[in-house]
Amino acid sequence: RMEQGGWRALRFINSAIRLLVWGLLVTVVAVGVVDAALPDVATRVLDSPGLPQLARESAPYCTTTTTTTTWFHIAGGINQLFVDASSSPTVFTDIYSYNSNTNTFVRAQATLPRGVYNAQGYAYQNKMYIYSGLYSPTEYNANIIVIDFTTGLEQPRVSELVLTPAITPRQFYTGVMVDNLLYVFGGVTGDTTDTHTNTTALPDPFVSINLDTGATHVLPCESSCPSSATSLHPLMGINRESAILYVHPCIGASDNSVPPNSAQVYAYNIASEQWQTPVNMREGTPGCMGSGRVHLNKAKASIAVIGGWNTTDGSETKTAIWYFGVFPPLVTVSAVSLPYRLSNMMVAASDTDDALTVYGGATRREASGFLRSTPTAYNHGVLDLSGKSGAESVAVCPFMELCKLYDYEEHASDVLLAFTLSLIAGLSTTFGALLAFLPCIRVGYSTIGLFAYQLALCSHSLIN
């Protein structure tokens, strides 16, 4: 009877363990997936009250969020990005805030102290910070323009934050906020007339700026730092959980070509101030020159890169999602696309669902180099990319060192499953051997021990 009871217990435990294993498998897959809700429909909004009608591109932009509204802020910009000595472009000084919920613009009564373009905007404490950029083809903003929206969208306070010590003014750089620090990488400086042939590399391509005090710090850029320190329009993402910055150099400044290391992403450890060994991207690297970029909220350490330009087609319609929070980093071309070709546009993503809003930008024809390409049309409206059916999913590796050890390339959930099953197999082998073969153990426990040993063999089989 004891032996029959043991076999009944064995069948019961066998069923329970099978359910446990399948439950573990489902849990692993569920935990190992990041769902980045991406839009799949682009609708041009033409009836927005207060819509700026002037052709505009390459303006700084950012978003700030209240309890009910995400505001998309746009400041400055230019109506003819690439100019020669005979051109007379308009460099804007106006400030707009757009509410996608009500489809309305609010124009500020305040203006910038001078125009600005080829710069980026960053949100911090309900303020917009605009670092450097140009206000004419030969003149740079040396400091940071601060637009304080705490006094209202129509009456923001506009001031200037002086940087100490001074760093090289630049354009076509990239940056990311970490607490009160702005990390800036890449770009070029110099005269931008005559198709930018007089631009030069930076002596300080990688810097941090304290937005509370204006204090600057030149960071190391040697060995594993991107070799193309003069890169135009590089991409920078951040994994905030691991405090790692990721940089992709995008394009070289000297000949407007993609640098040889374009398949690689460079990682910088903020805590140690050290560059790590570069890693290769998965599934190729779509271009990023002249694109609109915005950090997504639902998919950690990811950036939506929209539109852009290439030498064959001119401006593009594609949307690519760069995932910097997975190992190795991944870039995917989404099914989402713009309704027409655009580059140098301004882009925002909502905090709740990553719905994308695109304003301005130009359609540029193909040319031998981006810096020689002229606009053929401008987008005067707002593009609302708010569909949800184009979701992208990528696996996340929860044990980064383990993934690196096994040169993970496919599915992070497989690594976690193999690790878990190996642990079960090892424990079951030990437990089973003790219960099944020690002479002092009773028959019922011996049966359980044999089952534990069977479970170990099953786990090893699943791993294989």
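In this report, the structure presented in the accompanying data block is examined.

Cut-off values and rules
- Residues numbered from 1 in each chain as written.
- Predicted model: local features only at pLDDT ≥ 70, side-chain atom pairs only at ≥ 80, totals over all residues.
- Heavy atoms only, no water.
- Helix = DSSP H or I, 4+ residues; strand = E, 2+ residues; numbered from the N terminus.
- Buried < 20%, exposed > 50% of the residue type's maximum accessible area, 1.4 Å probe, protein only.
- Contact = heavy atoms within 4.5 Å.
- Areas by Shrake-Rupley, 256 points an atom, 1.4 Å probe, with all protein chains shown as cover.
- Disulfide = S-S within 2.5 Å.
- Pairing = 2+ DSSP bridges.
- Axes fitted to C-alpha atoms, helices over the stretch in contact; angles between N-to-C directions.
- Polar contact = N/O pair within 3.5 Å; in protein donor to acceptor, adjacent residues only side chain to side chain.
- Salt bridge = Lys/Arg side-chain N within 4 Å of Asp/Glu carboxyl O.

## A look at the overall build of the protein
Along the protein, the regular secondary structure elements total four helices and 34 strands. When each of the 464 residues of the protein is scored for burial, the buried share is 54%. A fraction of 59% describes how many contacts in the protein between residues 6 or more apart in sequence connect residues 24 or more apart. As presented, the protein carries roughly 20,200 Å² of accessible surface, and 55% of it is formed by carbon and sulfur atoms.

## Quick notes on the state of the cysteines
Scanning all chains against the criterion turns up one disulfide. A disulfide bridge connects Cys-221 with Cys-225, and the sulfur atoms are separated by 1.9 Å. Judged by the sign of its S-S torsion, about -55 degrees, the cystine formed by Cys-221 and Cys-225 is left-handed. Look at Cys-225 and you get buried, because its relative accessible area is 5%.

## What about unusual backbone geometry?
For the peptide bond that leads from Thr-164 to Pro-165, omega is -10 degrees, which places it in the cis range. Considering the arrangement of structural elements, one finds Pro-165 in the loop between strand 12 (157-161) and strand 13 (174-178). Despite not being glycine, Glu-273 shows a phi value in the positive range, around 55 degrees. Counting through the fold element by element, Glu-273 comes out in the loop between strand 21 (264-269) and strand 22 (274-275).

## Some words on the sheet that holds strand 12
Across the sheet, four strands lie side by side as 7-8-11-12; this open sheet has antiparallel pairing. The open sheet has two edge strands, strand 7 (120-124) and strand 12, and neither has a second partner. Averaged over all adjacent pairs, the angle separating strand axes in this sheet is 25 degrees, with direction ignored. Where strand 7 and strand 8 (residues 127-131) come together, five bridges link them in antiparallel fashion. Paired with Tyr-122 across the two strands is Tyr-129, which belongs to strand 8.

## Observations concerning the sheet that holds strand 4 (residues 70-75)
Strand order in the open sheet formed by four strands is 3-4-5-6, and the pairing between neighbours is antiparallel. Every other strand in the sheet has two partners, leaving strand 3 (61-65) and strand 6 (104-107) as the edge strands with one partner each. Neighbouring strand axes in the sheet, compared pairwise and without regard to direction, differ in orientation by 25 degrees on average. Summarising the sheet, strand 3 and strand 4 pair through five bridges and their orientation is antiparallel. Residue pairing across strands places Thr-64 opposite Trp-71, the latter belonging to strand 4.

## Let's talk about the pairing of strand 17 (residues 206-210)
Across the five residues of strand 17, five count as buried, placing the element largely inside the fold. Burial along strand 17 is two-sided: the residues Phe-206, Ser-208 and Asn-210 and Val-207 and Ile-209 are all buried. Bridging between strand 14 (residues 181-185) and strand 17 involves five bridges; their strand directions are antiparallel. Bridge pairing in strand 17 places Leu-182 opposite Ile-209. Across three bridges, the pairing between strand 17 and strand 18 (residues 216-218) is antiparallel.

## Observations regarding the side chain of Thr-69
Examined against the element boundaries, Thr-69 turns out to sit in the loop between strand 3 and strand 4. In this structure Thr-69 comes out as buried when scored by relative accessible area, which is 12%. Only 3.3 Å separates the side chain of Thr-69 from the side chain of Thr-68, close enough to count as a polar contact. Setting aside anything within four residues of it in sequence, one finds Thr-69 in contact with Thr-64, Asn-99 and Asn-101.

## Looking at the pattern of salt bridges
On inspection of all chains with the given rule, the structure shows seven salt bridges. The partner of Asp-94 in a salt bridge is Arg-56, with the nearest N and O atoms 2.8 Å apart. Taken as a pair, Asp-94 in the loop between strand 4 and strand 5 (95-99) and Arg-56 in the loop between strand 2 (42-45) and strand 3 lie far apart in primary sequence, 38 residues in all. Owing to a relative accessible area of 7%, Asp-94 belongs among the buried residues under this scheme. Classification of Arg-56 as buried rests on a relative accessible area of 2%. The salt bridge involving Glu-160 is made with Arg-114; its shortest N-O contact spans 3.4 Å. Of this pair, Glu-160 sits in strand 12 while Arg-114 sits in the loop between strand 6 and strand 7, placing them 46 residues apart in sequence. One salt-bridge network, in which partners are shared between bridges, spans Arg-56, Asp-94 and Arg-107.

## Notes on the pairing of strand 25 (residues 302-306)
Counting buried residues along strand 25, five of its five residues qualify, which places the element largely inside the surrounding structure. The side-chain alternation of strand 25 yields two buried faces, one formed by Ser-302, Ala-304 and Ile-306 and the other by Ile-303 and Val-305. Judged from the four bridges that link them, strand 24 (residues 292-295) and strand 25 form a sheet pairing that is antiparallel. The residue of strand 25 that forms the bridge with His-295 is Ile-303. Strand direction decides the pairing type here: strand 25 and strand 27 (residues 314-323), joined by five bridges, are antiparallel. Within the sheet, the bridge partner assigned to Ile-303 lies in strand 27 and is Trp-322.

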